[in-house]
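# Summary of structural features
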Amino acid sequence: MSRYNPRDAEPKWQSIWADQGVDCAPREASDSPKYYVLEMFPYPSGKIHVGHSRNYAMGDVVARYKRARGFDVLHPMGWDAFGLPAENAARERNVHPRDWTLKNIDVMRGQLQRLGLALDWDREIATCEPDYYRHQQAIFLKFFEKGLVERRQAKVNWDPVDNTVLANEQVIDGRGWRSGALVVQRELDQWFLKITDYSDALLDGLDRLDRWPDKVRLMQANWIGRSRGAHVTFPFADTEDKIRFGCDGITVFTTRPDTLFGASFLALASDHAITTALADDNPLVERFARDCQASGRTEEEIEKAPKKGVDLGVKVLHPFDKDWEIPVWSANFVLSTYGTGAVFGSPAGDQRDLDFARKYSLPVTPVVLPPDTDAASHTITNDAYTGAGTIYNSRFLDGLSTEDAIERAIDELEKRKLGEGATTYRLRDWLVSRQRYWGCPIPVVHCKSCGVVPVPEDQLPVELPADVTFDKSGNPLDRHDSWRNVDCPKCGGAAKRETDTLDTFVCSSWYFLRFTSPWPNDKPFDAAEAQRWMPVDQYVGGIEHAILHLLYARFFTRALHDCGLIDMPDGEPFAGLFTQGMVTHETYKSEAGKWLAPTEIDERDGKTFEIETGKPVTVGAIEKMSKSKKNVVDLDDFIDTYGADAARWFVLSDSPPERDVEYTDGGVDGVWRFVQRLWSLVDDFTGQSDADLSGVSAAGLDLRKAAHRSIRDVTDAIEGFRFNSAVAKVHDLVNSLRKFTARNDADIAAHGEALEILAQLIAPFMPHLAEACWERLGQDGILATTAWPEADPALLVDDTVTMPVQVNGKRRGQIEIAKGTDKDAAEKAALADPGVARSLEGLNVRKVIVVPDRIVNIVAG
RNA sequence: GCGGACGUGGCGGAAUUGGUAUACGCAACAGACUUAAAAUCUGUCGCCCGUAAGGGAUUGAGGGUUCAAGUCCCUCCGUCCGCACCA
């Protein structure tokens, strides 16, 4: 018996696959159905660790399985290569961002290749290359033409550590998604993509994504945040105000026009136009507005601030009663960015309004009567009633349900021309400009006489200048005069290039389209090829992109369709999405409080200590593998020791793919043992597997059944994305094989058949070992081009079944009977079982339930 | 606060439409081989009572539907995640 040595075997098979080009997607369409499987492409940050490999291992199982099932498979890989870490590296290590990035790509490509992933490397792309981003610039200009790009001044999120603005989606709990710095608000001129033009389409499209996790769909729906209600205008009481503010009244957005008769005040955002206008001559208002000004303050502080406001001294009239005057306040809890930046306060039905009304002694009139209460006893003290009920204290709305009253109030508002049904969204336009060097240049120039002028398409790409330095803070493009100063493409006069670059999420919003045809120089992708391969049938990635990347990409395909670049009326780029769990590992901290890598510690006598110093180590929480906590296992180290197959098998074992899996040395040892055990099963087999199968012994037949059941079970598990179950089922087959002893020649053939099936079933998971087994079994050709095995239906059914027999729901025995035995016979057999008979002593059988081939339950008493 | 998911042995977890709960793996224990250890192999292995045969309780807690509930319904507890002054 020889040991299986992945160090020799894995490179051997990898070069055979590469020589035969088995992993390349067919360039020509065939009669076979297509299958596009894609893992979210990585940022080339340095090295891959075992944690990263789980994502690719899952995609590869699907790719290899689908290929064996006869699909034309597209499984490409590339690099999300623009981004800030490259600039930080430039600053810290005096290396050019491009050199740093390309070096990392080389290292990581080598690692992915060592994993033996069935990737079509002919289609590799890196977003930092001009031959990629030139097309992105062309797309940007197409969007510009189509009115999907806007440059405007807006209050934006400024990350003071990364020195750039961020999109709303990139601010998590008031902090920058990458730097973790508290984000501040600043008023700046910025570039936006009008994703809000697609709010409805993006929301409604979610319903059709039935192969997406509900969780992700829900998160996107919440993020888009469509809410239906009404715009209501409260006319100014004083006609002079109409002149002063240049409008007839103040328009608010509300989802509850049914509570209009509970209105006790209007509240405006501190930077609402009217607040700002009044601040000019009212020092109190001015001071209040200044206090609230978000600039220089963090989102976190804004959220935690207690409610406060200032009476603006302005009065408006109730839309349904011109004799009812309502005071107008400015309040710090009103968001200027949502709705109209103004609300009407109906304190009985809204907790914020109630808090505000109590603080400033404003009237509180309950207008919604909760079910099963009466008007006389229902009062509001410190808790608003926000639920549904019957409207009262509300004149013509009295007696209506909440729902009906909303309709009725909107009808009435429309009649009086003081309002109309309206829908607002939480989604904001996508801020795409970044004040960074290492990104795709925005292809416009600023001309004093012509304004913003797009760079003509024949002058693309606008390439990043290579000669930049990072010794000063800020964007080096701003300081690069020879690059910056250009002639205006329109008038020929002196102009300046835009120095902002595009958010890297723009690069990842269409890369999956470029993969379908990464060759043309004159267009982003070949429309026919995109048509052929899209949508991505199975996308695999982390849940952290539930909103960001996945929402942007869905917007992009829609916008590209509307610009005529692709024909995708459905607009959905990813038909199936799977969000995989992370690989976790214990964390270690030295006595000095520094994070330690698993390779820097050792364990003896149940104590953990630092190898270098011998000092004790604190074992911390089990967390997602990450460089920052150093709890990573290097992929090269792992492959050197155990091989790529072991890594792949390990990350897919035990835990369901959507859940986290914990990396433990014990688990890895188990995988190593399993690999060797499996190999020796094959290596020890000396028989002929193509002998005649007729005449197998009972044990041989059992083995054949076990093997064919494995085909069925592993197939079902892969189809259902239950890789851990597939692994368990393969274990079952291995255990059956280990117990098996052949009794005659036919048994030997059955043994060989089971081993062949085993090799085929592990091929998507451990492709190198599978090929080695296949070769050792004397098979022709390679598994990479071999069809998936088919289970023989005759071997999936048993002649006899074991039926448990319950008495009053408790299992008391079991009977072996022929499959398909009718109810009467099964009942008779069940009652004859000695265990059953014993537990029925002294009882009368009242009823017998027989589920044929399943179970017998005897009710007795 | 709002919304969602989940809760099964020492651990990770399995269980078609409700039909033998604890598959598979890890850890643990015992034995074989060995001068010894490692590796490997064999066996045991959720809990309680019992030498055993066997019996009892059991899928976070409590209740319900059913011949039958991990699975369906209600209440509660806990953990995790998302959103968070969104009018």
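Here the structure is a predicted model, which means the values were calculated and not measured.

### Notes on the packing of aromatic side chains
- Taken as a whole and judged by the stated rule, the model has 44 aromatic pairs.
- Pairing Phe638 with Tyr642 gives two aromatic rings, centres 5.0 Å apart and planes at 45°, and the pair type is tilted. Residue Phe638 and its partner Tyr642 are located together in helix H20 (residues 635–642), separated by 4 residues, close to a single helical turn.
- In this structure Phe638 comes out as buried when scored by relative accessible area, which is 3%.
- Arranged with centres 5.4 Å apart and planes meeting at 5°, the rings of Trp649 and Phe674 form a pair that is stacked. Note that Trp649 is positioned in helix H21 (residues 644–652) and Phe674 in helix H22 (residues 665–683), a separation of 25 residues in sequence. The burial state of Trp649 is the same as that of Phe674; both residues are buried.
- Three or more aromatic residues joined by ring pairs make a cluster, and in this case those are Phe143, Tyr198, Trp430, Phe505, Tyr552, Phe555 and Phe556.

### Topic: the environment of Asn332
- Tracing the sequence through the fold places Asn332 in the loop between strand E14 (321–331) and strand E15 (342–345).
- Each C-alpha atom of the pair Asn332 and Asp271 lies 9.7 Å from the other, and the pair is 61 residues apart in sequence.
- In terms of polar contacts, Asn332 uses its side chain to reach the backbone amide nitrogen of Lys308, at 2.9 Å.

### Here's the deal with the sheet that holds strand E19 (residues 430–431)
- Pairing in this open sheet of 4 strands is antiparallel, and the strands run E6-E5-E9-E19 from one edge to the other. In the strand order of this sheet, the two ends are held by strand E6 (164–166) and E19, each with one partner.
- Of the strands in this sheet, strand E5 (149–159) and strand E9 (184–193) touch helix H5 (residues 130–145), which is tilted by about 90° from E9.

### Some details on the protein's contact with RNA strand B
- Looking at RNA strand B, there are 44 residues lining it, with Thr255, Tyr338, Arg352, Arg673 and Arg854 nearest.
- Considering the 4 Å shell around the protein, atoms of RNA strand B inside it are sugar or phosphate in 63% of instances.
- Contacts to RNA strand B include Tyr338, whose side-chain N or O atom sits 2.6 Å from a phosphate oxygen.
- Between RNA strand B and Arg673 there is a distance of 3.1 Å, counted from a phosphate oxygen to a side-chain nitrogen or oxygen.
- Top contributing element to the surface near RNA strand B by residue count: helix H24 (residues 723–739), with 6 residues.
- For the surface near RNA strand B, a count of residues per class yields 17 nonpolar, 11 polar and 16 charged.

### Thoughts on the pattern of salt bridges
- Tallying each qualifying case throughout the model produces 43 salt bridges.
- Measuring nitrogen to oxygen at the nearest pair gives 2.8 Å for the salt bridge that ties Asp241 to Arg244. Note that Asp241 and Arg244 are positioned in helix H8 (residues 239–245) at a spacing of 3 residues, about one turn of the helix.
- You can call Asp241 buried: its relative accessible area is 5%.
- Here Asp258 makes a salt bridge to Arg256, at a shortest N to O gap of 3.0 Å. Pair check on accessibility: Asp258 and Arg256 agree, each one buried.

### A word on a nonpolar patch on the surface
- A contiguous nonpolar patch, built from Ile849, Val851 and Val859 and spanning about 180 Å² of accessible area, is present on the exposed surface.
- For Ile849, the location among the structural elements is in strand E37 (residues 845–851).

### Some remarks on the pairing of strand E23 (residues 451–454)
- Examined bridge by bridge, strand E22 (residues 444–447) and E23 share 4 bridges and lie antiparallel to one another. Across the sheet, residue His446 finds its bridge partner in E23, namely Val452.
- Hairpin remark: E22 followed by E23, antiparallel, with 3 residues in the connecting loop.

### Section: a negative patch on the surface
- On the surface, Glu403, Asp404, Glu407, Asp411, Glu414 and Glu420 cluster together into a patch of negative charge.
- In terms of residues, the negative patch owes the most to one element, helix H13 (residues 402–415), which gives 5 residues.
- As for its placement among the helices and strands, Glu414 is situated in helix H13.
- Under the relative-accessibility criterion, Glu414 is labelled partly exposed at 39%.

Cut-offs used in this document
Residues numbered from 1 in each chain as written. Chains lettered and ligands numbered in written order. Predicted model: local features only at pLDDT ≥ 70, side-chain atom pairs only at ≥ 80, totals over all residues. Heavy atoms only, no water. Phe/Tyr/Trp six-rings, centres within 6.5 Å; stacked < 30°, edge-to-face > 60°. Helix = DSSP H or I, 4+ residues; strand = E, 2+ residues; numbered from the N terminus. Buried < 20%, exposed > 50% of the residue type's maximum accessible area, 1.4 Å probe, protein only. Polar contact = N/O pair within 3.5 Å; in protein donor to acceptor, adjacent residues only side chain to side chain. Pairing = 2+ DSSP bridges. Contact = heavy atoms within 4.5 Å. Axes fitted to C-alpha atoms, helices over the stretch in contact; angles between N-to-C directions. Near = heavy atom within 4 Å. Nonpolar A, V, L, I, M, F, W, Y, C, P; charged D, E, K, R; others polar. Salt bridge = Lys/Arg side-chain N within 4 Å of Asp/Glu carboxyl O. Patch = residues over 30% accessible without salt bridge, like charges linked within 9 Å, V, L, I, M, F, W, Y side chains within 5 Å. Areas by Shrake-Rupley, 256 points an atom, 1.4 Å probe, with all protein chains shown as cover. Lys, Arg positive; Asp, Glu negative; His and termini not counted. Charge placed at Lys NZ, Arg CZ, Asp CG, Glu CD.

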